[in-house]
Amino acid sequence: PPPPPPVPVLDHTMRDEFRAISYEGNDGTHRFEQGWFEYGDDGYWAGGQTRVVDYQGSLRLLVTACQSMSRRGALPPTSTAAQLSFLYSRVSLEAGDYVSVQGSSDWLNFTEVGRIQGPANDSGFRTATFDFTPFIGLYSTVRFVPHISNGDDGLDAVYLDDVQIAFDGGYP
C-alpha cells in the first residue's frame with residue numbers, strides 16, 4: 001500500500017496574547033483581518049461586561065454577559081489544515097453555564113466546535129484545542145458565545161488568553 005499522506009505542518013499563526021488593553025492584538029506570524037467584535041455589550045475593550053482585564057497577573061479577555069465575541073482572520077484557500085487553540089479559566093460557572101466555541105468560513109454561518117462548560121471554578125488555566133480545518137477561507141472567524149446564568153453580575157465568567165489559529169501553507 002502507498003504511504004500515508006504527510007501530516008500538515010501548522011507553521012503559520014494568527015494569535016492574540018492580550019498583551020495590551022485592546023481588541024487589536026496580533027502576536028502571531030500573520031495578522032488577523034479585524035479586531036475582536038463585541039455583539040450585545042458596549043463595544044469597548046476596557047468597559048462593559050466583556051473586556052480585557054488583569055487576571056492572575058496577566059491581561060486576559062473576560063467573557064461574561066455579551067451575546068458574542070468574534071475575530072476574523074483570512075486563512076489562505078491553499079491551506080489544508082487549521083487548528084484553533086486557547087487558554088481558558090472558568091470562574092463560578094454553575095451547572096448549565098457554558099461558552100460555545102464556534103467557527104465560520106463565511107463570517108455569517110457558524111458551527112459549534114466545542115464548549116467551555118460548568119460547573120467549574122478553575123484555579124489556573126486549561127488548554128482547549130479544536131480542529132478548525134472546515135473553516136478555512138478568506139472570512140475564517142472564531143466566535144465565543146456565552147450562556148452564563150449570572151453573567152451580568154460579573155462574578156460568573158470565563159477568562160481567555162492566547163487565542164490562536166494555526167494553519168499550514170498559503171503564505172510565503
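Scroll up to find the structure.
Just so we're clear, the structure is a prediction, and the values are computed from it rather than from any experiment. For every chain, the first residue of the written sequence is number 1, and numbering continues from 1 along that sequence. The model is predicted, so local features are restricted to residues of pLDDT at least 70 and side-chain atom pairs to those at 80 or more, both for listing and for counting; the totals for chains, interfaces and linings are taken over all residues. Values reported for side chains reflect all heavy atoms of the structure, with hydrogen atoms and water molecules removed beforehand.

In DSSP terms, a helix is any run of H or I states spanning at least four residues, a strand is any run of E spanning at least two, and both are numbered starting from the N terminus. For I116, the position within the fold is in strand β8 (residues 111-117). You can call I116 buried: its relative accessible area is 2%. Other than its neighbours up to four places away in sequence, I116 contacts F86, Y88, R90, L93, D97, Y98, V99, V101, V158 and L160. Exposed residues in this analysis have more than 50% of their type's maximum accessible area, buried residues have under 20%, and partly exposed residues fall in between, with area computed by a 1.4 Å probe over protein chains only. Note on contacts: a residue pair qualifies if any of its non-hydrogen atoms lie within 4.5 Å across the two residues.

Below, the discussion takes up the environment of C66. If you trace the backbone, C66 turns up in the loop between β4 (58-63) and β5 (68-72). For the pair C66 and E24, spaced 42 residues apart in sequence, the C-alpha to C-alpha distance is 18 Å. Ignoring anything within four residues of it in the chain, the contact list for C66 reads Y39, G40, D41, T50 and P146.

Following DSSP output, two strands are said to pair if at least two bridges run between them. As paired strands, strand β7 (residues 98-104) and β8 are joined by six bridges and run antiparallel to one another. For V99, the partnering residue across the bridge sits in β8 and is I116. Connecting β7 to the antiparallel partner β8 that follows it, the hairpin turn spans six residues, and W107 within it adopts a positive phi of roughly 70 degrees.

On to the pattern of salt bridges, then. Side chains that differ in charge, positive against negative, can pair when their charged atoms come close. Every case where a carboxyl oxygen of Asp or Glu lies within 4 Å of a side-chain nitrogen of Lys or Arg is listed as a salt bridge. The full count for this structure, using the stated rule, is nine salt bridges. Through salt bridges with shared partners, a single ionic network connects R15, E17, R19, D27 and D162.

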